[in-house]
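What follows is each chain in one-letter form.
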Amino acid sequence: MSPAEVTTAARVELAIGGMTCASCAARVERKLNKVGGVTATVNYATEKAQVSYPGTLSVDDLRAVVEAAGYSARLPEPEARDEARPLRHRLLVSAVLTVPLIVVAMVPAWQFTAWPWVALVLAAPVVTWGAWPFHRAAAANLRHGAATMDTLISLGVVASVTWSLYQLLVGMAGHGLYFEVAAAVTTFILAGRHFETRSKRRAGAALRALMDLGAKDVTVLRDGEEHLVPIANLQVGDVFVARPGEKIATDGVVAEGGSAVDTSMLTGESVPVEVGPGDAVTGATVNVGGRLLVRATRVGADTRLAQMARLVEAAQNGKAEVQRLADRVSAVFVPAVVFAALATLVGWLATGGTTDAAFTAAVAVLIIACPCALGLATPTGLLVGTGRGAQLGILIKGPEVLESTRRVDTVVLDKTGTVTTGRMALVEGDGEVLRLAGAVEAASEHPIAHAITDAARERFGALPAVTAFRSTAGLGVTGVVEGREVTVGRAAFVGGELAEAEGATAVGVAWDGEVRGRLVVADTIKPTSARAVAELRALGLTPVLLTGDNAGAARAIAAEAGIGEVVAEVLPEEKVAVVKRLQAEGRVVAMVGDGVNDAAALAQADLGLAMGTGTDAAIEASDLTLVRGDLRVAADAIRLARRTLATIKGNLFWAFAYNVAALPLAALGLLNPMIAGAAMACSSAFVVSNSLRLRRFR
């Protein structure tokens, strides 16, 4: 593919080939960022570069920069083959040849006269063909004046073999042959690479599973007939069929039918959601009930699933501040280690050490110091943490979000749609008053009318018909039901006094000229909100309720949810000012909201959490998106983000501590190079397996 030059800043994702360690990624990133107008981030774990470039450049120019650095670059394609297979083959052959070498080396009594030559024959394929990826990468880096982890491995292996050959050929076979060391180091590091490759795939499995969730084909209704077409051919406005057990092909609105929809793969919610005509449904969820006809509203890259996948991938390709420090260390680490190895060799010889001891210590320094674990510490933690979040309906936008969650001490909760259902419901009233009021209100479109009618139908079933219906805007409605003229509305409209309802709306009901009773409706709290507030408090956060509602209604909801601090009667544009005021008091503020009017406040907050049931504007402005409309997920999101950050910091500590502790031991001759190779592979294995523990987050 050779894209035409663009005239404005553009973004592209490139798959980078040939990277073997963190310093490779740092080198590619450095080379790209040296080009005028280019901003690039290279991730070693995902083996991808996110590049922003000006219109004066093309993708081919970016490729040329990467290739000039000694690596390959291409536009990502679906994986056609198992990348780990050649590595696995190389590892198995090397292991079969290395095991007898190590066993005989450990038992001197088994070493017959011609053993040194047999050792050479066994080791030769391992240190040449087995270690070829390291030698090839080291040579490529040398041509470009760079040094990476492969340089250290290649140097260690070549030095061991060269010294051993010299000893063998000049007839000093008894003075330290290192064939088994060279072979063992190669095999251990191949094993580490193989484990690392498999683990990186497992770490990214959640994102791949998310990408694969969507339906591949869809049954579309055209001219009254059903046609099975590829999902790519579906267009906005098409009506398609979702049969029981099938995936809903794309985001849409139910046109006909009723069913229950399993949304667990997108939201983590195990209870199916009931849907009917007019209800929105999301692509990739499963229809578990009746047959549905759905009108497509979003297709392809615009769907909720595609948006989720983009958010997760962007987060996985980013870098936390802690990783940038690790990158800087990796860039200077390799040359420093080569210098340390030479210094070790000279130091031993200068202080009267034997050549064997000096050489062994120098090789051990080269091998033990590889900064592989350092390069994996952050990317694997991010891969697993963000992937697990996607499975639970929590989308983390980027690694910098993790740092924010650690510092947050106040959480501002928008009331309507976040703490409450956002729908009016009857909280007081029954009997004949409710039955007749429900019958009259059935002809009205007002939210209060819907609440009364829904409650009446739930209590009495079918309601009597209404005639002579009249609606007076802002006051109430009148109609004739079963021969009686029924009036429902404000006190002045029904002609009587009504007791006020704290935090709710009282509606009078009268017939035959006399007030017969009152009904009370209110925006009701979600059943999970009180528990969610308790969980947020347990995380050390102070909840604040923010709403445009009157103070009475706000206090009633806050008391029910267990929130002590209330800011009421706030206009949408004033929400930002409230967040700024809290920040000015020294608080670090998280904001949870779901509406267009929350978007600016979400962006202003130190940490913005958008309910995924809300608007695209709110989701775009947030740092974390909660796919499910359940406030408990906010607490889960903060716990997961904090756990991911703690895992990354643990990984980095281990990687740094391992190198700092191991280098002096190797230099003092206290580490055999063979043990050093195994320890280095174990270091990477520890970091990756520690990250994989995040998959068990509940």
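Keep in mind the model is a prediction, meaning the values are calculated, not measured. (Residues numbered from 1 in each chain as written. Predicted model: local features only at pLDDT ≥ 70, side-chain atom pairs only at ≥ 80, totals over all residues. Heavy atoms only, no water.)

A.B. asks: Account for the overall build of the protein, naming residues and giving values.
C.D. replies: Within the protein, the secondary structure is distributed over 25 helices and 26 strands. By the burial criterion, 52% of the 698 residues in the protein qualify as buried. In the protein, once contacts between residues fewer than 6 apart in sequence are set aside, the share between residues at least 24 apart is 66%. For the protein, the exposed surface amounts to about 29,900 Å²; the carbon and sulfur share of it is 58%. (Helix = DSSP H or I, 4+ residues; strand = E, 2+ residues; numbered from the N terminus. Buried < 20%, exposed > 50% of the residue type's maximum accessible area, 1.4 Å probe, protein only. Contact = heavy atoms within 4.5 Å. Areas by Shrake-Rupley, 256 points an atom, 1.4 Å probe, with all protein chains shown as cover.)

A.B. asks: Quick one: what's the story with the side chain of Ser259, residue by residue and with numbers?
C.D. replies: Topologically, Ser259 is positioned in strand β9 (residues 259-262). Residue Ser259 is classed as buried on the basis of its relative accessible area of 5%. Within the structure, Ser259 has its side chain in polar contact with the side chain of Asn287 (distance 2.3 Å). Setting aside chain neighbours within four positions, we find Ser259 in contact with Val273, Glu274, Val275, Asn287, Val288, Gly289, Gly290 and Leu292. (Polar contact = N/O pair within 3.5 Å; in protein donor to acceptor, adjacent residues only side chain to side chain.)

A.B. asks: Just give me the short version of the pattern of salt bridges, but keep the residues and values in it.
C.D. replies: Applying the stated rule across the entire model yields 20 salt bridges. A salt bridge links Arg243 to Glu246; its shortest N-O distance comes to 3.5 Å. On the accessibility criterion, Glu246 (30% relative accessible area) is partly exposed. Put simply, Glu432 and Arg484 hold a salt bridge, and the shortest N to O gap is 3.2 Å. Taken together, the residues Glu432 in helix α16 (residues 431-441) and Arg484 in strand β19 (residues 484-489) connect sequence positions 52 residues apart. Note on Arg484: relative accessible area 22%, which makes it partly exposed. If you follow the salt bridges from partner to partner, you end up with Glu226, Arg243, Glu246 and Arg291 in one network. (Salt bridge = Lys/Arg side-chain N within 4 Å of Asp/Glu carboxyl O.)

A.B. asks: So what's going on with helix α20 (residues 551-561)? Which residues, and what values?
C.D. replies: Since the α-helix turns once every 3.6 residues, residues separated by three or four places project in the same direction. Looking at α20, one finds that the buried residues are Gly552, Ala553, Ala554, Ile557, Ala558 and Ala561. If you follow the buried residues of α20, they end up packed against α15 (415-419), β16 (420-428), β21 (514-525), α19 (529-538), β22 (542-546) and β23 (565-567). Backbone geometry just downstream of α20 places Gly562 in the positive-phi region, at approximately 85°.

A.B. asks: Report on the pairing of strand β1 (residues 10-17), specifying residues and quantitative values.
C.D. replies: Of all eight residues making up β1, six are buried, and the element is well covered by its neighbours. Of the strand pairs in this sheet, β1 and strand β3 (residues 48-53) are connected by six bridges, and their pairing is antiparallel. Among the inter-strand pairings, Leu14 is bridged to a residue of β3, identified as Ala49. Relative to strand β4 (residues 72-74), β1 is paired through three bridges, and the arrangement is antiparallel. Looking across to β4, one finds that Gly17 is bridged to Ser72. (Pairing = 2+ DSSP bridges.)

A.B. asks: Before we move on, can you summarise the packing of aromatic side chains with the specific residues and values?
C.D. replies: Under the definition given, this model contains four aromatic pairs. For the ring pair Phe112 and Trp115, a centre distance of 5.9 Å and an interplane angle of 80° mean the geometry is edge-to-face. We classify Phe112 as partly exposed; its relative accessible area is 46%. Measuring from centroid to centroid gives 5.9 Å for Trp163 and Tyr166, while their planes differ by 40°, and the two rings are tilted. (Phe/Tyr/Trp six-rings, centres within 6.5 Å; stacked < 30°, edge-to-face > 60°.)

A.B. asks: Could you give an account of the UniProt feature "transmembrane region" (unreviewed entry) in the protein, with specific residues and numbers?
C.D. replies: Per the UniProt record, "transmembrane region" (unreviewed entry) is annotated on residues 91-109, 115-134, 146-166, 172-192, 329-351, 357-378, 652-668 and 674-692. The span residues 146-166 is 86% helix and 0% strand, and its two end C-alpha atoms sit 29 Å from each other. Taken end to end, residues 652-668 has its terminal C-alpha atoms 25 Å apart, with 94% of it in helix and 0% in strand. (UniProt positions renumbered as here; feature names shortened; annotations may be inferred.)

A.B. asks: How would you summarise the environment of Ala358 if you had to cite specific residues and measurements?
C.D. replies: Its location among the elements puts Ala358 in helix α12 (residues 355-368). Leaving out residues up to four positions away in the same chain, Ala358 has contacts with Leu345, Trp348 and Leu349.

A.B. asks: I'd love a proper account of the nonpolar core, names of residues and values included.
C.D. replies: Among the nonpolar cores identified, the biggest contains 70 residues, and Leu14, Ile16, Met19, Leu32 and Val51 are the most heavily contacted of them. Those residues in contact with Leu32 that lie beyond four places of it in its chain are Val38, Ala40, Val42, Val51, Leu62, Val65 and Val66. Core analysis: the second largest hydrophobic core is formed by 43 residues, Ile394, Ile525, Leu539 and Leu609 among them. (Core = buried A, V, L, I, M, F, W, Y, C linked by side-chain atoms within 4.5 Å.)

A.B. asks: Describe the sheet that holds β16, and please don't skip the residues or the numbers.
C.D. replies: The strands making up a sheet associate through hydrogen bonds between their backbones, and the pairing can be parallel or antiparallel. The strand order across the open sheet built from six strands is β16-β21-β20-β19-β18-β17, with neighbouring strands paired in antiparallel fashion. Every other strand in the sheet has two partners, leaving β16 and β17 (466-472) as the edge strands with one partner each. Within the sheet, the average angular offset between the axes of one strand and its neighbour, ignoring direction, is 20°. Pairing analysis gives seven bridges linking strand β20 (residues 505-511) to β21, with the strands arranged antiparallel. When the sheet's bridge partners are listed, Ala510 is paired in β21 with Val515. Sitting on the sheet, helix α17 (residues 447-460) is in contact with β16, β20 and β21, with an inclination near 55° to β16. (Axes fitted to C-alpha atoms, helices over the stretch in contact; angles between N-to-C directions.)

A.B. asks: Which residues make up the confidence of the model for the protein, and what are the values?
C.D. replies: Chain-level pLDDT for the protein is 81 on average; 85% of the residues reach the 70-or-more range. Looking over the protein, one finds the lowest element-wise mean pLDDT in helix α8 (residues 205-211), namely 59, and the highest in α19, namely 93. The low-confidence segment residues 1-7, where pLDDT is below 50, has 16 contacts with residues more than four positions distant or belonging to other chains. (pLDDT = per-residue confidence, 0-100.)

A.B. asks: Explain the packing of helix α6 (residues 149-169) against α12 to me, and be specific about the residues and the numbers.
C.D. replies: Where α6 contacts α12, the two axes come as close as 8 Å, and the packing angle between them is 160°. By the angle class used here, α6 and α12 are roughly antiparallel. As α6 runs across α12, the sense of the crossing is left-handed. Residues Leu152, Leu155, Gly156, Ala159, Ser160, Trp163 and Gln167 of α6 touch α12, and the partners they reach there are Thr355, Asp356, Phe359, Val363, Leu366 and Ile367. A breakdown of the residues in the contact of α6 with α12 according to their chemical character gives eight nonpolar, four polar and one charged. (Parallel < 35°, antiparallel > 145°, perpendicular 65-115°, else oblique. Left-handed = near helix turned anticlockwise from the far one by under 90°. Nonpolar A, V, L, I, M, F, W, Y, C, P; charged D, E, K, R; others polar.)

A.B. asks: Go over the environment of Ala456 with me, naming the residues and quoting the values.
C.D. replies: Among the secondary structure elements, Ala456 is positioned in helix α17. Along the chain, Ala456 and Gly438 lie 18 residues apart, while their C-alpha atoms are 5.3 Å from each other. Not counting residues within four places of it along the chain, the set of residues in contact with Ala456 comprises Leu434, Gly438, Gly461 and Leu463.

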